[in-house]
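# Survey of secondary and tertiary structure
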Amino acid sequence: MKVSVIIPNYNGENFLRNCLKTLKNQKCEFQVIIIDNASSDNSVNYIKNNYPEFNIITNDENLGFAAAVNQGIRASKTDYVFLLNNDTEL
């Protein structure tokens, strides 16, 4: 595995449904790290219940996009990172 997909999230459960579903349909091997910025919706539970193989980092407050992405990059264990917005469909 050479790529980590880093996805910052804040109250994006509705977006994550399509994003993560299309991500799972990809044919290459990758690590997924989702950084949740203190969502008040069901995002974290949705990820844990439907994609337990994905790594999730939860923050106690909304740190913003850049800080969340940097957390994901530091947590990655691969040579490359791919930054993906939670509303992207592949």
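Coordinates for the structure precede this section.
A brief look at the structure comes next. For every chain, the first residue of the written sequence is number 1, and numbering continues from 1 along that sequence. Per-residue local features are limited, in this predicted model, to residues with pLDDT of at least 70; the limit for side-chain atom pairs, both in listing and counting, is 80 or more; totals at the level of whole chains, interfaces and linings are taken over all residues. Side-chain numbers here rest on the full set of heavy atoms in the structure, without hydrogens or water.

### Quick look at the nonpolar core
- Only buried residues count toward a nonpolar core. Its members are Ala, Val, Leu, Ile, Met, Phe, Trp, Tyr and Cys residues joined through side-chain atoms within 4.5 Å. A 1.4 Å probe rolled over the protein chains alone gives each residue an accessible area, and that area as a share of the maximum for its type sets the label: buried under 20%, exposed over 50%, partly exposed in between. Residues Val5, Ile7, Leu20, Leu23, Val32, Ile34 and Phe54 are the most contacted members of the largest nonpolar core, which totals 14 residues.
- Secondary structure elements follow DSSP: runs of H or I no shorter than four residues count as helices, runs of E no shorter than two count as strands, and numbering proceeds from the N terminus. Of all elements in the fold, only strand E1 (3–9), helix H1 (13–24), strand E2 (31–37) and helix H2 (43–50) reach the threshold of two or more residues within this core.
- Element by element, the count of residues in this core is highest for H1, at 4 residues.
- We call two residues in contact whenever any of their non-hydrogen atoms come within 4.5 Å of each other. Beyond its immediate stretch of four places on either side in the chain, Phe54 contacts Leu20, Leu23, Lys24, Val32 and Ile34.

### Some remarks on the pairing of strand E3 (residues 55–59)
- Where E2 lies against E3, 5 bridges are found, and the strand directions are parallel. Directly across from Asp36, in E3, lies its bridge partner Thr58.
- In this region the chain leaves E2, passes through H2 and returns to the parallel neighbour E3; the handedness of that crossover is right-handed. By this definition, two strands are paired if DSSP reports at least two bridges between them. When the strands point away from the viewer and the connection leading from the first strand across the helix to the second strand turns clockwise, the crossover is called right-handed.

### A few points about the sheet that holds E3
- If you walk across this open sheet you meet the 4 strands as E3-E2-E1-E4, and the pairing is parallel. The sheet is open, and its two borders are formed by E3 and strand E4 (80–83), each paired with just one other strand. Pairs of neighbouring strands in the sheet enclose a mean axial angle of 20°, with direction left out of account.
- Pairing of E1 with E4 involves 4 bridges; the strand directions are parallel. Bridging from a neighbouring strand, Ile6 pairs with Leu83 of E4.
- Sitting on the sheet, H1 touches E1 and E2, and the angle it makes with E1 is about 175°.
- Working convention: axes come from line fits to C-alpha atoms, limited for helices to the stretch in contact. Angles between N-to-C directions cover 0 to 180 degrees. Its contacts with the sheet place H2 against E1, E2 and E3, and it is angled at close to 160° to E3.

### A closer look at H2
- Buried residues of H2: Ser43, Val44, Tyr46 and Ile47, and no others. Take H2 and look down its axis: the buried residues cluster within an arc of 165°, on one side only.
- If you follow the buried residues of H2, they end up packed against E1, H1, E2 and E3. What the arc covers is the set of directions going from the helix axis to the C-beta atoms.

### Observations concerning the state of the cysteines
- Put simply, a disulfide is two cysteine sulfurs that come within 2.5 Å. Taken as a whole and assessed by the stated rule, the structure comprises 0 disulfides.
- Cys28 provides the cysteine sulfur closest to Cys19, a residue in no disulfide bond, and the two sulfurs are 14 Å apart.

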